[in-house]
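So the chains spell out like this:
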Amino acid sequence: MIQQTLILIKPDGVKRGLIGEILKRFEQRGLKIIALKMVQPTKSLAGQHYSESIAEKHGPAVRNYLLDYVTSGPIIAIAVQGADAITIVRKIVGSTYPGESAIGTIRGDYAHASKEYAKKNNQGQNLVHASENEEDAKKELALWFSIDEIHDYKRSDEEYIL
Ligand code: CDP
Ligand code: MG
């Protein structure tokens, strides 16, 4: 199924000079970049993105940390489109805790914080966010992009990648 999904290169990815490297992985896999921008997120935007459900999942301390983390500098917001894009993007990104992420994934290649460290300190910088399911993707795309910021065009290699 052709899907659209949201990716954020979080402030650590931007500050470490990994924008090109991260973007390349989605682009080369054949996902079509349909929107792209640099944003300094406000606390309000970050709070809408990481809603209370994150506190239910990981505890309030993690949510508070996350809001500080994602507002600590500019991020790159990216929308991509492609066959099964939501699942493919999550696979390219890797597991939540970089120490558990497979080599070859973005988190597995460029970060190494362990789950133990994240749990103990209620924090974990892991370079990228990616929507988890269709409902989240729809909500998150609408949060970060207006309709006129999302573009439609044909990639020259579509016959090989779809
Ligand atoms: O990003 P992902 O969907 O893999 O994980 P999540 O469960 O939705 O958690 C959102 C983010 O919270 C993670 O990407 C981490 O940056 C952060 N987190 C953390 O800082 N400390 C934890 N113990 C767990 C998650
Ligand atoms: Mg998540």
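A. The overall build of the chain, seen in detail. The helix and strand tally for the chain stands at ten helices and four strands. Counting from the amino terminus, helix and strand elements in the chain follow one another as β-α-α-β-α-α-α-β-α-α-α-β-α-α. Against the globule reference of 15 Å for 162 residues, the chain gives a C-alpha radius of gyration of 15 Å, in line with a compact fold. The buried share among the 162 residues of the chain stands at 49%. The long-range fraction of contacts in the chain, counting pairs at least 24 apart against all pairs at least 6 apart in sequence, stands at 77%. Summed over all atoms, the accessible surface of the chain reaches about 8700 Å², with 51% contributed by carbon and sulfur. Computed over 21 positive and 21 negative side-chain charges, the inter-centroid distance for the chain is 5 Å.

B. Structural detail: the sheet that holds strand β2 (residues 32-39). If you walk across this open sheet you meet the four strands as β2-β3-β1-β4, and the pairing is antiparallel. Edge positions in the open sheet fall to β2 and β4 (128-130), since each of these has one partner strand only. Ignoring strand direction, the axes of neighbouring strands in this sheet form an average angle of 20 degrees. Bridge analysis of strand β1 (residues 2-9) against strand β3 (residues 75-83) gives eight bridges, and the strand direction is antiparallel.

C. Seen up close, helix α5 (residues 60-70). Of the positions making up α5, those classed as buried are Val-62, Arg-63, Tyr-65, Leu-66, Leu-67, Tyr-69 and Val-70. Those residues of α5 that are buried are in contact with α1 (11-15), α3 (43-49), α4 (52-58) and β3.

D. A look at the pattern of salt bridges. With the rule as written, the count across this model stands at eleven salt bridges. Lys-43 is paired through a salt bridge with Asp-68; the nearest N and O atoms lie 3.0 Å apart. With Lys-43 in helix α3 and Asp-68 in helix α5, this pair connects stretches of sequence that are 25 residues apart. The exposure class assigned to Asp-68 is partly exposed, which follows from its relative accessible area of 46%. Notably, a salt bridge pairs Asp-157 with Arg-155, separated by 2.9 Å at the nearest N-O pair. Of the residues examined, Arg-155 reaches a relative accessible area of 16% and is grouped as buried. Overlapping salt bridges bring together Glu-21, Lys-24, Arg-25 and Asp-109 as one network.

E. Unusual backbone geometry, seen in detail. Despite not being glycine, Asp-84 has its phi angle at roughly 50 degrees, a positive value. As for its placement among the helices and strands, Asp-84 is situated in the loop between β3 and α6 (85-93). Take Asp-84: its relative accessible area is 38%, and that puts it in the partly exposed class.

F. Examining the packing of aromatic side chains more closely. All chains considered together, the criterion is met by one aromatic pair. Looking at Lys-32, its charged tip hangs above the ring of Tyr-153, at a distance of 5.4 Å from the centre.

G. Expanded view of the side chain of Glu-158. You can see Glu-158 is positioned in helix α10 (residues 158-161). By relative accessible area, which is 15% here, Glu-158 ends up buried. Polar contacts involving the side chain of Glu-158 include one to the side chain of Lys-154, which spans 3.5 Å. Among all residues touching Glu-158, those that are not within four sequence positions of it are Lys-32 and Tyr-153.

H. Quick look at the pairing of β3. Taken across its nine residues, β3 has eight buried, putting it largely inside the fold. Bridge count between β2 and β3: seven bridges; the pairing is antiparallel. Residue pairing in the sheet places Ala-35 in a bridge with Ala-79 of β3.

Rules and cut-offs
Residues numbered from 1 in each chain as written. Chains lettered and ligands numbered in written order. Predicted model: local features only at pLDDT ≥ 70, side-chain atom pairs only at ≥ 80, totals over all residues. Heavy atoms only, no water. Helix = DSSP H or I, 4+ residues; strand = E, 2+ residues; numbered from the N terminus. Rg over C-alpha atoms; globule rule 2.2 N^0.38 Å. Buried < 20%, exposed > 50% of the residue type's maximum accessible area, 1.4 Å probe, protein only. Contact = heavy atoms within 4.5 Å. Areas by Shrake-Rupley, 256 points an atom, 1.4 Å probe, with all protein chains shown as cover. Lys, Arg positive; Asp, Glu negative; His and termini not counted. Charge placed at Lys NZ, Arg CZ, Asp CG, Glu CD. Pairing = 2+ DSSP bridges. Axes fitted to C-alpha atoms, helices over the stretch in contact; angles between N-to-C directions. Salt bridge = Lys/Arg side-chain N within 4 Å of Asp/Glu carboxyl O. Phe/Tyr/Trp six-rings, centres within 6.5 Å; stacked < 30°, edge-to-face > 60°. Lys NZ or Arg CZ within 6 Å of the ring centre and 35° of its normal. Polar contact = N/O pair within 3.5 Å; in protein donor to acceptor, adjacent residues only side chain to side chain.

That is the geometry; function is a separate question.
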